[in-house]
Amino acid sequence: MESTLNKILAVEAEKLGVRFGLLEEIIQLNIEKDGLDSIEKRSRQQAIRRLLEDEIDMGDQK
Amino acid sequence: MNLFFEEIKLKNWIPYKGSQSLRFSPPQASKPLTLIRGVNKGGKSAIIRAFKWALYGNTGDLSEYQKPLELLNRDAKNQNDYQFSVTLLLNYEGKNTEITRTMSPRGGVSLIKNSDYEEYFQIKVEDTFLTGDKQELYIKEMLSEDISDFFLFDGEMLQEYKALVASRNTASKLKSQIQKSLRTPHIKSAQDDIKIIKNQILKQNATETSDKLLQRVIGRQNDLVLKETKFLEDKDSLAESLDVEREILRKVESDLTAYGDSEQDVVNLGKAEDRLKKTVKQLKDLQDLLKSQASNAWEHLASIMVGSREEALKSEKKTLSPTLEKNNMISILKNLSDSSQKHCGVCNTELTDAHKEYIRTKLQKYCSEDVSDATEKVREIDQLLSKVRSSDDFKFLRELPNKYLDILADQGECEVEIENLKNAIGASNRKDIQDLYSKQTECKNEIKKLTDSITSIEIELNGPNASQGRDLYQPNGVIAALKDCEEMIKSMQADIPGIERTKSLTKLCMDIDQILEKTLNQLLITASSEIEEAANKMYKKMTVEDSTTRLSIDEGFGLTVLDDRGESLSTSSTGNQIVALSLLHGLKVATGIQGPLLIDTPFGRVDLEHRKTILEGLATMSQQVVLLVHSGEIQENSPLEQSISREISQIHRIDKESDTQSRLLGS
């Protein structure tokens with residue numbers, strides 16, 4: 001992803017203790033699936049939700 | 001992004017009949033420039049169109065070169081060879097990639113129409129063919145169409161960058177492209193996704209419970225979220241328009257200031273012109289009045305003459321009194337002398353013959369004196385005097401010439417002032433300044449409208465006087481109502497199983513939402529300053545004159561060239577080209593999106609003096625810069641070509657063989 005965006009995202013993520021990689025993946029999904037089609041939107045949101053749940057599970061395991 | 005073009009293969013593509021190709025040498029930092037030279041209308045633009053069509057399925061043109069038969073070489077068509085294609089061989093992230101787009105008519109059709117064509121698209125990465133969505137995703141990741149204008153473009157298009165400050169519509173289009181390159185729309189949509197997911201999690205939890213009250217509260221929360229999303233979307237869109245308007249206004253006002261005294265002169269000119277209009281109207285009114293007065297002029301004239309003799313007439317009337325008495329007497333005497341009268345009409349005395357004789361003698365005496373018709377004379381005098389008495393009109397008539405002269409003098413003064421101001425301002429400046437003033441008024445009205453709309457949305461969101469959403473959130477606004485809902489849900493969910501996981505998920509959503517919000521705000525500010533810094537470096541490199549000028553890019557991506565005192569300067573077409581290329585460079589640096597540059601007619605509007613510096617600048621912008629030039633831009637073996645020969649890796653040629661055919665000739 002892009003440099004300026006990454007720099008800012010990393011700083012803000014650290015402030016709230018959220019993993020930078022998770023944010024990067026969420027934005028990447030929005031770049032890859034950016035159509036206006038509602039089916040594409042829903043599938044993107046489902047993918048993001050899976051990422052979030054995995055993130056919580058990962059935290060639980062730790 | 002590591003991307004460079006290796007070869008382009010064309011088949012029956014616009015002027016290129018049969019199969020033709022051009023190979024590009026591998027990019028090298030020391031020799032990044034490739035020149036493709038050809039005459040005007042010889043097929044240079046067809047090359048850029050071929051790149052765009054192969055990648056995105058359209059040539060980027062709005063009105064032509066869109067239908068298959070417009071893209072097919074005419075001579076090939078005449079020989080019934082209807083298939084055409086473009087193949088790009090490129091290297092992306094170290095992998096050899098082959099992209100081919102082909103248009104072939106369906107079999108069995110004799111007279112081929114546009115609708116008979118079928119498209120075939122193929123992407124091969126190393127030895128693997130990509131299928132379905134992966135093709136689109138690959139292109140999007142490699143060089144998204146949204147930002148392709150920053151890589152593959154016509155040099156003439158660069159002039160449109162001036163529109164970033166001049167025209168509302170074009171500015172919005174460019175601004176949106178810049179934002180896409182910065183990824184701000186994607187961050188925003190990610191933020192929306194997170195909000196939706198958070199509400200889904202909460203709602204799901206509610207359906208898992210049998211608590212009717214909880215379900216109702218969550219239902220209300222969902223309605224509020226919908227309202228909030230709608231308000232926020234509207235507000236964002238209005239705020240975006242407001243930014244654009246403010247930026248335009250700022251630029252317009254700075255342009256107005258640049259006119260110095262002329263700006264005030266135009267204001268004064270406007271006032272003087274208004275005054276002149278007023279005097280012309282006054283003169284017209286007076287003329288109309290004069291016309292109506294003139295229709296009774298003879299009466300006025302007579303009255304004036306009589307008026308000047310008013311006193312004389314009065315004394316003449318007095319002198320006529322004895323004569324009047326005499327007339328009365330004659331009338332009485334005539335009556336008495338009548339033989340039929342027996343008695344005096346006054347004292348009733350019986351009239352004797354002696355009386356009658358006396359009366360006749362007296363009558364003869366009176367009639368021998370001057371007894372002209374005094375009664376008639378007095379009546380005329382009275383009429384004339386009454387006219388004199390009603391002579392207010394004359395006062396007006398006497399004052400009229402002076403009034404007329406005063407207004408004429410005013411008019412003269414206005415005309416002189418207008419002439420002087422016009423001379424001071426100059427005709428072209430005046431038109432420009434007036435245009436700027438009308439643009440300023442237009443902007444101010446638009447800003448007022450947008451600000452009012454944003455304020456009313458904010459009231460609906462934050463209260464305290466929200467007027468809509470009567471049972472849902474009135475009067476404290478959507479956000480407060482949502483907070484109440486969340487609090488209620490939290491307290492009601494305390495003993496629902498799995499609530500801890502839900503809480504963790506919603507907290508993560510809220511944190512991500514906050515991070516994205518701050519990133520978005522920070523990104524625009526930081527990116528602008530990074531773009532400005534990089535753009536200024538390029539600007540200095542490409543500018544030959546006054547080194548004290550610099551480029552200013554604000555958060556709204558408005559562009560201004562400033563002098564050493566920080567005042568804005570207007571730019572020539574060469575200046576616009578340099579500003580646009582500098583902005584492109586700034587964007588590439590700030591967004592990290594690097595890639596080959598393909599520019600058609602880069603120097604069409606650039607003066608000779610700047611071509612060398614721009615070429616030197618371009619050579620540092622990318623490791624592969626392909627310039628499609630006509631011989632007038634960079635002449636063969638000219639000092640200009642020689643001066644940059646160290647940076648040129650290849651020079652290709654396009655030979656125009658006829659109106660319908662050109663040939664690509666490698667170096």
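Residues numbered from 1 in each chain as written. Chains lettered and ligands numbered in written order. Predicted model: local features only at pLDDT ≥ 70, side-chain atom pairs only at ≥ 80, totals over all residues.

**Notes on the packing of helix H18 (residues 499-542) of chain B against helix H20 (residues 608-619) of chain B**
Residue and element names in this part refer to chain B.
Logical step 1: Contact pair H18 / H20: the axes reach a minimum separation of 8 Å and the direction vectors enclose 145°. Only His610, Thr613, Ile614, Glu616 and Gly617 of H20 make contact with H18, whose side of the interface consists of Met538, Lys541 and Met542.
Logical step 2: Tallied by class, residues from the contact of H18 with H20 come to 3 nonpolar, 3 polar and 2 charged. (Axes fitted to C-alpha atoms, helices over the stretch in contact; angles between N-to-C directions. Helix = DSSP H or I, 4+ residues; strand = E, 2+ residues; numbered from the N terminus. Contact = placed C-beta atoms within 7 Å. Nonpolar A, V, L, I, M, F, W, Y, C, P; charged D, E, K, R; others polar.)

**Looking at the pairing of strand S13 (residues 625-629) of chain B**
Residue and element names in this part refer to chain B.
Logical step 1: The buried count for S13 comes to 5 of 5 residues, which makes it a mostly enclosed element.
Logical step 2: Residues Val625, Leu627 and Val629 point to one face of S13 and Val626 and Leu628 to the other, with burial holding for every one of them.
Logical step 3: Bridge analysis of strand S3 (residues 33-38) against S13 gives 5 bridges, and the strand direction is parallel. Within S13, the residue paired with Leu35 across the bridge is Leu627.
Logical step 4: In the sheet, strand S12 (residues 597-600) pairs with S13 via 4 bridges, with the strands oriented parallel. Bridge pairing links Asp600 to Leu628 in S13.
Logical step 5: One crossover worth recording links S12 to the parallel S13 by way of H20, and it is right-handed. (Buried ≥ 20, exposed ≤ 12 C-beta atoms within 10 Å, placed from the backbone. Pairing = 2+ DSSP bridges. Right-handed = clockwise from strand over helix to strand, strands pointing away.)

**Describing the confidence of the model for chain B**
Residues and elements named next belong to chain B.
Logical step 1: Of the residues in chain B, 86% have a pLDDT of 70 or more, and the chain-wide mean is 81.
Logical step 2: Low pLDDT (under 50) marks residues 165-170, which in the prediction has 9 contacts with non-local residues, meaning those over four places away or in another chain.
Logical step 3: Here the predicted complex scores 0.58 on pTM and 0.95 on ipTM. (pLDDT = per-residue confidence, 0-100.)

**A closer look at the pairing of strand S14 (residues 648-658) of chain B**
Residue and element names in this part refer to chain B.
Logical step 1: Direction of pairing for S3 relative to S14: parallel, over a ladder of 6 bridges. Bridging from a neighbouring strand, Ile36 pairs with His652 of S14.
Logical step 2: Two strands pair when backbone bridges link them, and S14 and strand S15 (residues 661-665) are joined in this way by 5 bridges, in the antiparallel orientation. Residue Ser658 lies in a different strand from S15, and its bridge partner there is Gln661.

**A word on the sheet that holds strand S10 (residues 559-562) of chain B**
Residue and element names in this part refer to chain B.
Logical step 1: If you walk across this open sheet you meet the 3 strands as S9-S10-S11, and the pairing is antiparallel. Either end of the sheet is taken by a strand with one partner, and the two such strands are strand S9 (550-553) and strand S11 (568-569).
Logical step 2: Strand direction decides the pairing type here: S9 and S10, joined by 4 bridges, are antiparallel. Paired with Ile553 across the two strands is Leu559, which belongs to S10.

**Digging into the environment of Gly595 of chain B**
Residues and elements named next belong to chain B.
Logical step 1: Checked against the element boundaries, Gly595 lands in the loop between helix H19 (573-591) and S12.
Logical step 2: Given 22 C-beta atoms within a 10 Å radius, Gly595 is considered buried.
Logical step 3: C-alpha of Gly595 to C-alpha of Gln624: the two residues are 29 residues apart in sequence and 7.5 Å apart in space.

**Some thoughts on the sheet that holds S3 of chain B**
Residue and element names in this part refer to chain B.
Logical step 1: The 6 strands lie next to each other as S8-S12-S13-S3-S14-S15, forming an open sheet whose pairing is mixed. Since the sheet does not close on itself, it has two edges, and those belong to strand S8 (152-154) and S15, each with one partner. Each strand axis lies, on average, 15° off the axis of its neighbour in the sheet, ignoring direction.

**Examining the interface of chain B and chain A**
Logical step 1: Facing 31 residues of chain B, the contacting portion of chain A comprises 25 residues.
Logical step 2: Of all the elements in the fold, those that place two or more residues in the side of chain B that touches chain A are helix H4 (133-143), helix H7 (184-207), H18 and H19 of chain B.
Logical step 3: At 16 residues, the largest contribution of residues to the side of chain B that touches chain A is made by H18 of chain B.
Logical step 4: When grouped by side-chain class, the residues that make up the side of chain B that touches chain A number 15 nonpolar, 9 polar and 7 charged.

**Considering the environment of Met538 of chain B**
All names here are of chain B.
Logical step 1: Note that Met538 resides in helix H18.
Logical step 2: Look at Met538 and you get buried, because 25 C-beta atoms sit within 10 Å.
Logical step 3: It is 9.0 Å that separates the C-alpha atoms of Met538 and Val579, two residues lying 41 residues apart in sequence.
Logical step 4: Not counting residues within four places of it along the chain, the set of residues in contact with Met538 comprises Leu581, Ser582, His585 and Gly617.

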